[in-house]
Amino acid sequence: MKSTGIMMEVAGPWMEVFEGSERTETPGRAETLLGSSTLTLAPLVAESPVVRRSQPILITSNRVKGVQSFSSSIPNPFPELCSPSKSPVLISSLPSPSSDKHLIKVYGEDSHSRSVWVSRGATAREVCHLLVQTAHCSDQENWALLELHPTLGLERCLEDHEVVMEVQATWSLKGDTRIVFCKNYAKYEFFRKPMLFFPESMISDSADVSKGMTSSELIQNLLKSGTCPEIQGFLQVKEPSRKAWKKVYFFLRRSGLYCSTKGSSKEPRHLQYVADLDELNVYTVVNSRKLYAAPADFTFCIKPSRNPVRTQDLKILCAESEQTRTCWTSAFRLFKYGKQLQCNYQLSKSAPRSLEGTKFTDGKSKSEASLVAMDFSGKAGGRVIQNPTEAQSAEREEGQAWRRREALRCSLPNLNSAARPSSIHKTQPWFHGGVSRKEAQRLIEKQGLVDGMFLIRESQQHAQCFVLSLCYKLKTKHYLVIPCEDGGRKYFTMDDGLTLFIDLLQLVEFHQINKGILPVCLKHPCVCVAL
């Protein structure tokens, strides 16, 4: 009997199993072999624990915890420099995650910016107060926030009660709009000199003047009640999608802005409604001749206050003079905000005037009303000069006595000419270097067309000469400061040598007290605010 060999390949471990054996299931083992004489092969299944498959792990989105655990695992190589006590970023200066603080960026007039944390409901007055403290400004009077749209040439001064975050919410995300921290002396000037801002020729005939009140009394009473008289007059208006301008007669009333479709007629059938004052903001237009081909530089525009600035939404208007433009823009503000502007004005007067002290004494920054003429010639002490003619005579005598004292002082042989360098004016805030005439006018206009606002700049037409730019009655006047020699010494003069000054600082200090040939004393230096 031949046997046939069968080759069987067994993969893996194997064990012997005899035929005839009985298989019984026992716990802890798959099978138990009993009494078998036949040899077979069966794969060996090793005992193994229950396989646990990987489960998804929840990864939290809390990035702060991840950063803390990561940073704590790496040793600090420079503990003396990077410890919290030595860190340049103060942990206490950062708001907690649960606080209602927001970061805003504010620019200075030198194009540098500063970021500050403010609350969601912070007003323009509160942000100005914060910037005055962080920038260490010498005073907190007449500061303002300017909303600037460089591409469109638009700018407006935010009202003190406006919420800054709400204003920024109306901006386009792709625009170049910014907030500028600057001085503005003319924000409430119409409360102080109403007749300068609201000339009788622009007051509507419908104003009630039949009760024996003059126009001046009428304006003052209306301003005290938080409103102003109705304004009327011709304005140039830019036609949509065209460079052409059209002359139209407008009326500004409490109910809104209207224009006449027939000359200067006020009849209701000829009046066309233009805009609602509660839903718009008024802006001053800079460089309007180049951007919009305006017929004059006295341009302003109105736009919806809730929408991002778009060219098609702008209604651009042009006045014939700066006084006319100021009258319209001031009336827009008064009609829109009413009594709120009066409250803002009262709060601005109650604000502290000085924080640290300044290069200018307090008397030089106050109004002329706080200065009185005194006579100290008698033996009984000084007396206040009540007669205006006598006061002017005393001013002239004081000026002549000042000239004689300065001439005597400068003629002394032991005078040290190096004690006061001739370039001392370059360190003064009112000196603006070689800016142009047009740029000087823009700087003064930006900080407020109030009487006595001034700056000094280098003349671009006359070598070694300077120009004093001074604002008076909403106009900027320019006075040439000429160098001259007398007795071998160099002086500066504005009146052909009648009054001589050893440097520009002395010239400014003199005209802050005496008018001289100027129409008004120097009061407010036009400064460049840096953050």
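Described below are features of the structure shown in this document. (Residues numbered from 1 in each chain as written. Predicted model: local features only at pLDDT ≥ 70, side-chain atom pairs only at ≥ 80, totals over all residues. Heavy atoms only, no water.)

**Comments concerning the overall build of the protein**
- The helix and strand inventory of the protein stands at 14 helices and 23 strands.
- For the protein, restricting intrachain contacts to residue pairs at least 6 apart in sequence, the fraction spanning at least 24 positions comes to 55%. (Helix = DSSP H or I, 4+ residues; strand = E, 2+ residues; numbered from the N terminus. Contact = heavy atoms within 4.5 Å.)

**Observations regarding the nonpolar core**
- Within the largest apolar cluster, 48 residues are counted, with the highest numbers of intra-cluster contacts made by F198, F250, L252, W328 and F332.
- For this core, the leading source of residues is helix α9 (residues 322–337), giving seven residues.
- Contacts of W328, omitting those with residues within four sequence positions, involve M202, I231, Q232, G233, L235, F250, F251, L252, L257 and F300.
- Judged by nonpolar contacts, the second largest core, of 24 residues, contains A124, V127, V163 and V164. (Core = buried A, V, L, I, M, F, W, Y, C linked by side-chain atoms within 4.5 Å. Buried < 20%, exposed > 50% of the residue type's maximum accessible area, 1.4 Å probe, protein only.)

**Concerning the packing of aromatic side chains**
- This model, assessed by the stated rule, comprises 13 aromatic pairs.
- An angle of 70° between the planes, with centres 5.8 Å apart, marks the rings of F466 and F492 as edge-to-face. In this pair, F466 sits in strand β20 (residues 466–472) while F492 sits in strand β22 (residues 489–493), placing the two residues 26 residues apart along the sequence. Accessibility assignment for this pair places F466 and F492 in one class, buried.
- An aromatic cluster is defined as three or more aromatic residues linked by ring pairs; in this entry it consists of Y188, F190, F191, F197 and Y345.
- Directly above the ring of Y107 sits R178, whose terminal nitrogen or CZ lies 4.0 Å from the centroid.
- A cation over an aromatic ring shows up here: K247 above the ring of F234, its NZ or CZ 5.1 Å from the ring centre. (Phe/Tyr/Trp six-rings, centres within 6.5 Å; stacked < 30°, edge-to-face > 60°. Lys NZ or Arg CZ within 6 Å of the ring centre and 35° of its normal.)

**Observations regarding the pairing of strand β12 (residues 256–260)**
- With five of five residues buried, β12 is to be regarded as a mostly interior element.
- In terms of strand pairing, strand β11 (residues 245–253) meets β12 through four bridges, oriented antiparallel. Pairing of F251 across the sheet is with Y258, part of β12.
- The antiparallel hairpin formed by β11 and β12 contains two residues in its connecting segment.
- Bridging between β12 and strand β13 (residues 271–275) involves four bridges; their strand directions are antiparallel. By the bridge assignment for β13, L257 is matched with A275. (Pairing = 2+ DSSP bridges.)

**A look at the pattern of salt bridges**
- Taken as a whole, this structure holds twelve salt bridges when the rule is applied.
- Note that E445 and R325 form a salt bridge whose closest N and O atoms lie 2.9 Å from each other. Of the two residues, E445 is situated in helix α13 (residues 437–446) and R325 in helix α9; the sequence distance between them amounts to 120 residues.
- A cluster of three or more residues bridged by salt bridges with shared partners is formed by E147, R156 and E162. (Salt bridge = Lys/Arg side-chain N within 4 Å of Asp/Glu carboxyl O.)

**Topic: the sheet that holds strand β21 (residues 475–486)**
- With mixed pairing, the five strands of this open sheet are ordered in space as β22-β21-β20-β19-β23. Each end of this open sheet is capped by a strand with a single partner; those strands are β22 and β23 (524–525).
- Lying on the sheet, helix α14 (residues 504–511) is in contact with β19 (453–458), β20, β21 and β22; it crosses β19 at an angle near 160°. (Axes fitted to C-alpha atoms, helices over the stretch in contact; angles between N-to-C directions.)

**Describing the environment of I456**
- Its location among the elements puts I456 in strand β19.
- Expressed as a C-alpha distance, the spacing of I456 and P525, which sit 69 residues apart in the sequence, is 9.2 Å.
- Beyond its immediate stretch of four places on either side in the chain, I456 contacts W430, F431, H432, G433, F466, V467, L468, L504, L507 and V508.

**A short note on the environment of H112**
- With respect to the helices, strands and loops of the structure, H112 is situated in the loop between β5 (101–107) and β6 (113–119).
- Sequence separation between H112 and V529 is 417 residues, and the spatial gap between their C-alpha atoms is 9.7 Å.

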